[in-house]
Amino acid sequence: MKRVAIIQSSYIPWRGFFDLISRCDEYIIYDQVAYSKGHWHNRNKIKTATGTRWITIPVMTSGRLGQPIEDVEIKGDWVEAHFSQIRQAYKAAPAAKVLLPVIESLYNQAEKLRFLTEVNELFLRHFVEMLKLDVLITRDRIYAPHSARSERVLATCLAAGATHYLSGPSAKVYLDETMFRDAGVTVEWMRYGPYPDYTQLHGVFDGQVSIIDPILNGHGAGFVATPGSQQGAAGW
């Protein structure tokens, strides 16, 4: 059995994303599909002393309607502003002394990158390692998928040798499960949470924030799923 997830990349995603890919043998970064403005590709949320705040990577979109996510270029300076906000928001967090320098190093590396997908993958791979998740990370480009929607996802599953495809619930509006079943691939639907609260800075608990929040608040340790299983990540 081989379970895969095929998801567009996002910037420092929330814990539910890592829960999903922790249940898989392979996560395929799905960045040959079109970039969507207002999506999570280039933004996420952190908790601050003045409330939950978006931090957004500026990207070039003018005149580039329909461009693939992997071709989206970053526009202007953003690294210093993002890390400054993170440092200010989490400097009192339990793991800040150890992990803020690590996160700062990632931002220093990100400053040298041209494409959004490169930044997203940089953070993704480091957080997967930090959380000790046993999942192979690849890109859809290596499987050369064609077509669109269900056909494209199925072609990628078959090229990757998948027997099971774990999808987020939003895909239910378009995914053709019959097509997958006829091709010998079992579709499974992710059920996010309910996740337990943890000790968090800055007032009322908000679980819909970047993975940076639980990690810096000391909730990243022990986040390990059984490799290849769908039992989920302990404690999440």
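Procedures and definitions
- Residues numbered from 1 in each chain as written.
- Predicted model: local features only at pLDDT ≥ 70, side-chain atom pairs only at ≥ 80, totals over all residues.
- Heavy atoms only, no water.
- Helix = DSSP H or I, 4+ residues; strand = E, 2+ residues; numbered from the N terminus.
- Expected span 1.5 Å × (residues − 1).
- Buried < 20%, exposed > 50% of the residue type's maximum accessible area, 1.4 Å probe, protein only.
- Arc of directions from axis to C-beta.
- Contact = heavy atoms within 4.5 Å.
- Pairing = 2+ DSSP bridges.
- Axes fitted to C-alpha atoms, helices over the stretch in contact; angles between N-to-C directions.
- Phe/Tyr/Trp six-rings, centres within 6.5 Å; stacked < 30°, edge-to-face > 60°.

**With respect to helix α3 (residues 96-110)**
One turn of an α-helix holds 3.6 residues; hence residues three or four places apart share an orientation. Compared with the 21 Å implied by 1.5 Å per residue over 15 residues, the 20 Å span of α3 between its first and last C-alpha is a close match. Among the residues of α3, those classed as buried are Ala96, Leu99, Leu100, Ile103, Leu106, Tyr107 and Ala110. With its buried residues spanning 120 degrees around the axis, α3 presents them on a single face. Along α3, the residues that are exposed and aim more than 90 degrees away from the buried face are Lys97 and Val98. For α3, the elements touching its buried residues are β4 (51-56), α2 (79-90), α4 (116-130) and α7 (212-216).

**Regarding the sheet that holds strand β7 (residues 186-189)**
Strand order in the open sheet made by the five strands is β5-β2-β1-β6-β7, with parallel pairing throughout. In the strand order of this sheet, the two ends are held by β5 (136-139) and β7, each with one partner. The sheet shows a mean angle of 30 degrees between the axes of neighbouring strands, direction not considered. In this structure, strand β1 (residues 3-7) lies alongside strand β6 (residues 164-167), joined through two bridges in parallel fashion. Its bridge partner lying in β6, valine 4 is registered against tyrosine 165.

**Some words on unusual backbone geometry**
In this structure, proline 194 follows glycine 193 across a cis peptide bond, with omega equal to 5 degrees. With respect to the helices and strands, the residue proline 194 is situated in the loop between β7 and α7. With a phi angle near 35 degrees, isoleucine 12 is a residue other than glycine that sits in the positive phi range. Residue position: isoleucine 12 is located in the loop between β1 and α1 (15-22). Although it is not a glycine, histidine 202 adopts a positive phi angle of roughly 70 degrees. Mapped onto the elements of the fold, histidine 202 is located in the loop between β7 and α7.

**Describing the packing of aromatic side chains**
Given two aromatic rings, their pairing is described by the distance between the two centres and the angle made by the two planes. Under the criterion given, the structure shown has 14 aromatic pairs. An angle of 15 degrees between the planes, with centres 5.7 Å apart, marks the rings of tyrosine 165 and phenylalanine 180 as stacked. Taken together, the positions of tyrosine 165 in strand β6 and phenylalanine 180 in helix α6 (residues 177-182) put the pair 15 residues apart, joining distant regions of the chain. Taking relative accessible area as the criterion, phenylalanine 180 reaches 0% and is therefore assigned buried. Plain terms: the ring middles of tyrosine 198 and phenylalanine 205 are 5.0 Å apart, the flat faces sit at 90 degrees to each other, and that makes the pair edge-to-face.

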